[in-house]
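Take a look at the letters that make up each chain.
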Amino acid sequence: MFDIRKTKAVLWDLDDTLYSRLDAARRTFPGMFREHLYINRSEAFIAEAVDYMMAHVPRNSMIHEDAFRALLAKYPPDKPYIRSDCLAYYYDNMWKYAEVFPEQIETVKKLREMGIKNAIVTNAAPERLVSQRRKVEVLQLAGLFDAIVYSGEFGAAKPDRRIYDHTAALLGVKNEECVFVGDDPDSDIAGALGADMEAVWLDKWEYDGSFDGNPHLFRVSSVKEYFIFE
């Protein structure tokens, strides 16, 4: 569990860790559907289509092609499906619906009070940097973190060890003095463990995999299960 004696910095994933990408996507889809797929459909139809889409998105992408295929097979569109138009709408609008997890922000503030540094490490392809920066802005996160590292800017993405090493160096701490908090086992958690950091896995997806009892991994449903302040 959290040990203030050895922890000098906490690194945070952004999407589905500091805010709910699932909720933001759910609120984005109605407008996308009305503009690009379904014309003059009822509110009930759009709500049903959104529920179906959300039931088919994988944990690592709210706009995965397989989810669209499932949606369009179940609910044939009124307009030709143009994937690039749907993606553009999603990235241009999703950030508007982002809302922070209060529990995470309270934890960051408490860590800052204790003199522990905080950073965001987020995967964002170069063409998606604007959208990712907008999320940080609308969530008012910049003033709470000592560093924000975007993979598309740095040149390597999680789980590549280099982005973890780079962030620790920015904060002036050793990797072993860092805790990484994230929701994705394949990028966030595997990457952090591979970079010799302690990893707090916010398991929102009830993932079936394991890390073979790694002593540096803590699998939780809430950050308060790990960050216990006395």
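Look up a bit, the structure's there.
Residues numbered from 1 in each chain as written. Predicted model: local features only at pLDDT ≥ 70, side-chain atom pairs only at ≥ 80, totals over all residues. Heavy atoms only, no water.

(A) Seen up close, helix α4 (residues 83–93). Listing the buried residues of α4 in full gives C86, L87, Y89, Y90 and N93. Summarising the axial view, the buried residues of α4 lie within an arc of 160°, below the 170-degree limit, and thus occupy one face. Buried positions along α4 lie against α1 (21–36) and α3 (65–74). (Buried < 20%, exposed > 50% of the residue type's maximum accessible area, 1.4 Å probe, protein only. Helix = DSSP H or I, 4+ residues; strand = E, 2+ residues; numbered from the N terminus. Arc of directions from axis to C-beta. Contact = heavy atoms within 4.5 Å.)

(B) Quick look at the environment of P159. Inspection of the secondary structure puts P159 in the loop between α7 (151–154) and α8 (161–171). Take P159: its relative accessible area is 43%, and that puts it in the partly exposed class. Spatially, the C-alpha atom of P159 lies 7.9 Å from that of I189, the residues being 30 residues apart in sequence. Ignoring any residue separated from it by four or fewer positions in sequence, one finds P159 in contact with Y164, D186, S187 and G191.

(C) View of the sheet that holds strand β3 (residues 147–150). With parallel pairing, 6 strands are arranged side by side in an open sheet as β3-β2-β1-β4-β5-β6. Unpaired on one side and paired on the other, β3 and β6 (217–220) mark the two borders of the sheet. If you compare each strand with its neighbour and ignore which way they point, the axes differ by 20° on average. Of the strands in this sheet, β1 (9–12), β2 (117–122) and β5 (198–202) are in contact with helix α5 (residues 102–113), which crosses β1 at around 155°. (Pairing = 2+ DSSP bridges. Axes fitted to C-alpha atoms, helices over the stretch in contact; angles between N-to-C directions.)

(D) How the structure looks around the packing of aromatic side chains. The final tally for this structure, using the stated rule, is 16 aromatic pairs. Arranged with centres 4.8 Å apart and planes meeting at 85°, the rings of Y226 and F227 form a pair that is edge-to-face. Each of the two residues, Y226 as well as F227, counts as buried. Arranged with centres 6.4 Å apart and planes meeting at 20°, the rings of F227 and F229 form a pair that is stacked. In this structure, R41 is placed above the aromatic ring of F45, and the distance from its NZ or CZ to the ring centre is 4.2 Å. Above the face of the Y150 ring, R133 is positioned so that its terminal group lies 4.5 Å from the ring centre. (Phe/Tyr/Trp six-rings, centres within 6.5 Å; stacked < 30°, edge-to-face > 60°. Lys NZ or Arg CZ within 6 Å of the ring centre and 35° of its normal.)

(E) Representation of unusual backbone geometry within the structure. Residue P159 is bonded to the preceding K158 through a cis peptide linkage, with omega at 15°. The phi dihedral of D16 is positive, around 65°, even though this residue is not glycine. Summarising the element assignment, D16 is placed in the loop between β1 and α1. With a phi angle near 65°, D196 is a residue other than glycine that sits in the positive phi range. On the secondary structure map, D196 appears in the loop between α9 (185–194) and β5.

(F) Region of the structure containing the nonpolar core. The biggest cluster of nonpolar side chains holds 55 residues, and the ones touching the most others in it are W12, F29, F33 and F227. Looking at which element gives the most residues to this core, the answer is helix α2 (residues 43–56), with 6 residues. Those residues in contact with F227 that sit more than four places away from it in its chain are F2, V10, W12, T107, L111, V179 and V181. Membership of the second largest hydrophobic core comes to 21 residues, among which are V121, A168, L171 and F180. (Core = buried A, V, L, I, M, F, W, Y, C linked by side-chain atoms within 4.5 Å.)

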